[in-house]
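The chain contents come next:
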Amino acid sequence: MIKLFVVGFPREMDEMELAQLFAPYGDIKLLTIARDQIGGKSKGFGFIQIDDEGAKQAINALDGYNFGDRKLEVRIAGDKNQPAQKPLFNAGPRQPIKKKRPRISR
């Protein structure tokens, strides 16, 4: 089984619709769409575990597929084609947290 990273599908698409898109290419073992914790809305990316041959076929067929104004990107989850991004801020080295002693009431 290979884990694929899928980004660029419409945020309205649910797990069943995404599974139907990938089902012709191989056997799907697990499919997960990343969702916002508060509202439960899709973030527009997810992960799919699919058999090895199905993963290759899905990448070849669906990578670059257009959904209106969005373009689907499909790649193996461990592959990072883009260079590492710099952090937005530098927090510096972490300082140990000092624990307060419990207050004793009289």
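Just above, that's the structure.
A few points on the structure. (Residues numbered from 1 in each chain as written. Predicted model: local features only at pLDDT ≥ 70, side-chain atom pairs only at ≥ 80, totals over all residues. Heavy atoms only, no water.)

## Re the overall build of the protein chain
Move 1: When its secondary structure is counted, the protein chain shows 2 helices and 6 strands.
Move 2: Expressed as a percentage of the 106 residues in the protein chain, the buried residues total 25%.
Move 3: Of all intrachain contacts in the protein chain linking residues separated by at least 6 positions in sequence, the fraction that spans at least 24 positions is 63%.
Move 4: When the accessible surface of the protein chain is totalled, it reaches about 8800 Å², and 51% of it is carbon and sulfur. (Helix = DSSP H or I, 4+ residues; strand = E, 2+ residues; numbered from the N terminus. Buried < 20%, exposed > 50% of the residue type's maximum accessible area, 1.4 Å probe, protein only. Contact = heavy atoms within 4.5 Å. Areas by Shrake-Rupley, 256 points an atom, 1.4 Å probe, with all protein chains shown as cover.)

## Thoughts on the pattern of salt bridges
Two side chains bearing opposite charge may form a pair once their charged atoms approach each other closely.
Move 1: A full pass over the atoms with the stated rule returns 2 salt bridges.
Move 2: One salt bridge in this structure joins Arg-35 and Glu-15, with 3.2 Å as the shortest N-O distance. Remark: Glu-15 occurs in helix α1 (residues 15–22) and Arg-35 occurs in strand β2 (residues 28–35); sequence separation between them is 20 residues.
Move 3: We classify Arg-35 as partly exposed; its relative accessible area is 33%.
Move 4: Residues Glu-73 and Arg-75 are paired through a salt bridge, measuring 2.2 Å at the closest nitrogen-oxygen approach. (Salt bridge = Lys/Arg side-chain N within 4 Å of Asp/Glu carboxyl O.)

## Examining the environment of Ile-50
Move 1: Here Ile-50 is to be found in strand β3 (residues 42–50).
Move 2: With 47 residues separating them along the chain, Ile-50 and Lys-3 place their C-alpha atoms 6.5 Å apart.
Move 3: Apart from residues no more than four positions distant in its own chain, Ile-50 is found in contact with Met-1, Ile-2, Leu-4, Phe-22, Tyr-25, Gly-26, Asp-27, Ile-28 and Ala-55.

## Quick look at the nonpolar core
Move 1: Ranked by internal contacts, the top residues of the largest apolar core, which has 18 residues, are Leu-4, Phe-9, Leu-18, Phe-22 and Leu-72.
Move 2: Beyond its immediate sequence surroundings of up to four residues, Phe-22 is in contact with Leu-4, Val-6, Ile-28, Ile-48, Ile-50, Ala-58, Leu-62 and Val-74. (Core = buried A, V, L, I, M, F, W, Y, C linked by side-chain atoms within 4.5 Å.)

## Thoughts on the sheet that holds β2
Move 1: The sheet built from 4 strands is open, its strands ordered β2-β3-β1-β6 with antiparallel pairing. Each end of this open sheet is capped by a strand with a single partner; those strands are β2 and β6 (73–76). The mean inter-strand angle of the sheet, taken between neighbouring strand axes irrespective of direction, is 20°.
Move 2: Here strand β1 (residues 2–7) pairs with β6 via 4 bridges, running antiparallel. Counterpart to Leu-4 in the pairing with β6 is Ile-76.
Move 3: Where α1 meets the sheet, it contacts β1, β2, β3 and β6, and its direction lies at approximately 135° from that of β2.
Move 4: The strands that helix α2 (residues 52–62) touches are β1, β3 and β6; relative to β1, the one it contacts most, it runs at about 20°. (Pairing = 2+ DSSP bridges. Axes fitted to C-alpha atoms, helices over the stretch in contact; angles between N-to-C directions.)

These results come straight from atomic positions and should not be treated as a statement about function.
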